Amino acid sequence: FVFNEPNFDAHEQVVFVSEPKSGLKAIIAVHNTHLGPAMGGCRMWNYASEAEAVTDVLRLSRGMTYKNAVAGLPIGGGKSVIIGNPKTDKTPALFEALGEALERLGGRYVTAEDVGTSPADMAHVAQKTSFVAGLGASGDPSPFTALGCFVGAQAAVKHQLKRDSMEGLIVALQGLGHVGYDYARRLHAAGAKLVVADIDQAALERARRELGAEVVPVDSIYDVQADIYAPCALGATLNPNTLGRLKAKIVAGAANNQLATADIGEALRQKGILYAPDFVINAGGIIKVCYEYLSKPEADVEAHVRQIGDTLAEVFARAEREGLPTSVVADRVAEQRFKPA
Ligand code: NAI
């Protein structure tokens, strides 16, 4: 089935790892190394089948190539998945076995934490290989993801609303987690009004208290009379069901894979909604992790993250000029960088 998988043929290398002693079953996908070693996190998930794990890792690794290229980083794209339950199946030996597998790849792929894995797990990987990033040496990358979202939202406001200020704009923000809360704080400081939804009551209370946010039920976030919709929780929230409900003229949020299907990009364009492509606006975290891994000066990270605003301004302008969805233009910008001439 792998050879029929639509994302498969674009990959440089896909490695299936099986290590009976630790019980490790993993797949490492190296999508593209034209710009440098493939970098992307290691997801641990209780996949229903191996086929599902293959589909996931191929899709995610391809996405990392695009994200890293658009962010102007000297790295390629890859991803790995461990098939197992992150709540019950984790052992140091499991992650050490992954480290050994990475070592055998000789640095073509560098891993980091992702959904289901933590800096502590990566410390076990690091026992066996140096091809691991995001050990948490200088903390959580989420504030940099939030900064990227904020400068991205500023670029969107300038393009779409012809305004330099966020003052008085209404932002419907979904998900007050590591990224969402920090993003909300920046929006609030810039004078925006927040309408928020989350399943975590404590986060909502805090946003109400500290940021004067108005709270709405989880499913009502799509109906808010807002200027900006900021998805910072789940993927695929831009779908046929929500499209007709959104009032915002801008979508600018951190969530991965916001478009349920690729054609939603064109649907947004036709509705006059400016979409900041997820993999462009949410690259702040990987920029931070990459700087740390390559021992580049920490003091330069913020300036690099702020370039997300300039990149988005170019994507918006080109999309308008060429009559294309911003998602398509962002893909083309990435491809121009990672595909050899
Ligand atoms: P997180 O797990 O800290 O926060 C997610 C928040 O969404 C939580 O507060 C959770 O209660 C809330 N939530 C869950 N279901 C919800 C629902 N149905 N409606 C409203 N809220 C709901 O995750 P984090 O790190 O803040 O990431 C947020 C999104 O950004 C994810 O999609 C993640 O993949 C993406 N992302 C995160 C990066 C980072 O640096 N942390 C980097 C790039 C992307």
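Here is what the cut-offs are and how they apply
- Residues numbered from 1 in each chain as written.
- Predicted model: local features only at pLDDT ≥ 70, side-chain atom pairs only at ≥ 80, totals over all residues.
- Heavy atoms only, no water.
- Axes fitted to C-alpha atoms, helices over the stretch in contact; angles between N-to-C directions.
- Helix = DSSP H or I, 4+ residues; strand = E, 2+ residues; numbered from the N terminus.
- Left-handed = near helix turned anticlockwise from the far one by under 90°.
- Contact = heavy atoms within 4.5 Å.
- Nonpolar A, V, L, I, M, F, W, Y, C, P; charged D, E, K, R; others polar.
- Polar contact = N/O pair within 3.5 Å; in protein donor to acceptor, adjacent residues only side chain to side chain.
- Salt bridge = Lys/Arg side-chain N within 4 Å of Asp/Glu carboxyl O.
- Buried < 20%, exposed > 50% of the residue type's maximum accessible area, 1.4 Å probe, protein only.
- 1 Å grid on protein atoms, 1.4 Å probe; cavity = no way out; pocket = protein on both sides within 12 Å on 5 of 7 lines; lining within 4 Å.
- Points joined across faces, edges and corners; volume = space filled by probe spheres on them.
- Domains from an automatic or database assignment.
- Buried area = accessible area lost by both parts, 1.4 Å probe.

### Focus: the packing of helix 4 (residues 142-161) against helix 11 (residues 301-322)
Contact geometry for helix 4 and helix 11: axes closest at 8 Å, N-to-C directions at 35°. Relative to helix 11, the crossing made by helix 4 is right-handed. Counted together, Phe144, Leu147, Gly148, Val151, Gly152, Ala155, Ala156 and His159 of helix 4 and Val301, Glu302, Val305, Arg306, Ile308, Gly309, Leu312, Ala313, Phe316, Ala317 and Glu320 of helix 11 form the full contact between these two elements. Looking at the contact of helix 4 with helix 11 residue by residue, the classes come out as 12 nonpolar, four polar and three charged.

### Details of the side chain of Asn68
For Asn68, the location among the structural elements is in helix 1 (residues 50-70). Side-chain polar atoms of Asn68 contact the backbone oxygen of Met39, separated by 3.2 Å. When neighbours within four sequence positions are excluded, Asn68 is seen to be in contact with Met39, Leu73, Ile75, Gly76, Gly77 and Ile286.

### As for the pattern of salt bridges
Tallied over the full model, the rule gives 19 salt bridges. Asp223 is the partner of Arg245 in a salt bridge, and the nearest nitrogen-oxygen pair spans 2.8 Å. Linking Arg245 in the loop between helix 7 (240-243) and strand 11 (250-251) with Asp223 in the loop between strand 9 (214-215) and strand 10 (228-231), this pair joins segments that are 22 residues apart in sequence. The closest approach of N and O atoms between Arg318 and Glu322, which form a salt bridge, is 3.2 Å. Remark: Glu322 and Arg318 occur in helix 11; sequence separation between them is four residues, near one turn of the helix. Residue class for Arg318 comes out buried when judged on its relative accessible area of 16%. One salt-bridge network, in which partners are shared between bridges, spans Arg43, Asp56, Arg59, Lys79 and Asp114.

### Side note on the layout of surface pockets
By volume, the second largest pocket amounts to about 200 Å³. When residues of the lining of the second largest pocket are traced back to their parent elements, those giving at least two are helix 4, helix 8 (264-270), strand 12 (274-275) and helix 11. Considering only residue class, the lining of the second largest pocket consists of eight nonpolar, six polar and two charged.

### Thoughts on empty space enclosed by the protein
Using the criterion set out here, one finds one cavity of 30 Å³ or more in the structure. Put simply, the largest cavity is a space of about 30 Å³. Along the walls of the largest cavity sit Ala172, Ile221, Tyr222, Asp223, Val224, Ala226, Ile228, Tyr229, Leu246, Lys247 and Ala248, which together make up its complete lining. Taken together, the residues that form the lining of the largest cavity break down as nine nonpolar, no polar and two charged.

### What to know about the domain arrangement of the protein
Segmentation of the protein into domains returns domain 1 (2-125) and domain 2 (142-338). Averaged C-alpha coordinates put domain 1 and domain 2 at centres separated by 26 Å. Listed by partner, the interface residues are 19 residues for domain 1 and 21 residues for domain 2. Carbon and sulfur atoms supply 72% of the area that domain 1 and domain 2 bury against each other, a total of about 1,800 Å² over both sides. Interface area lost by domain 1 to domain 2 is led by Tyr66, Lys67 and Val70, which between them contribute 38%. The interface formed by domain 1 and domain 2 includes five residue pairs in polar contact (both at pLDDT 80 or more). Those elements giving two or more residues to the side of domain 1 that touches domain 2 turn out to be strand 2 (24-32) and helix 1.

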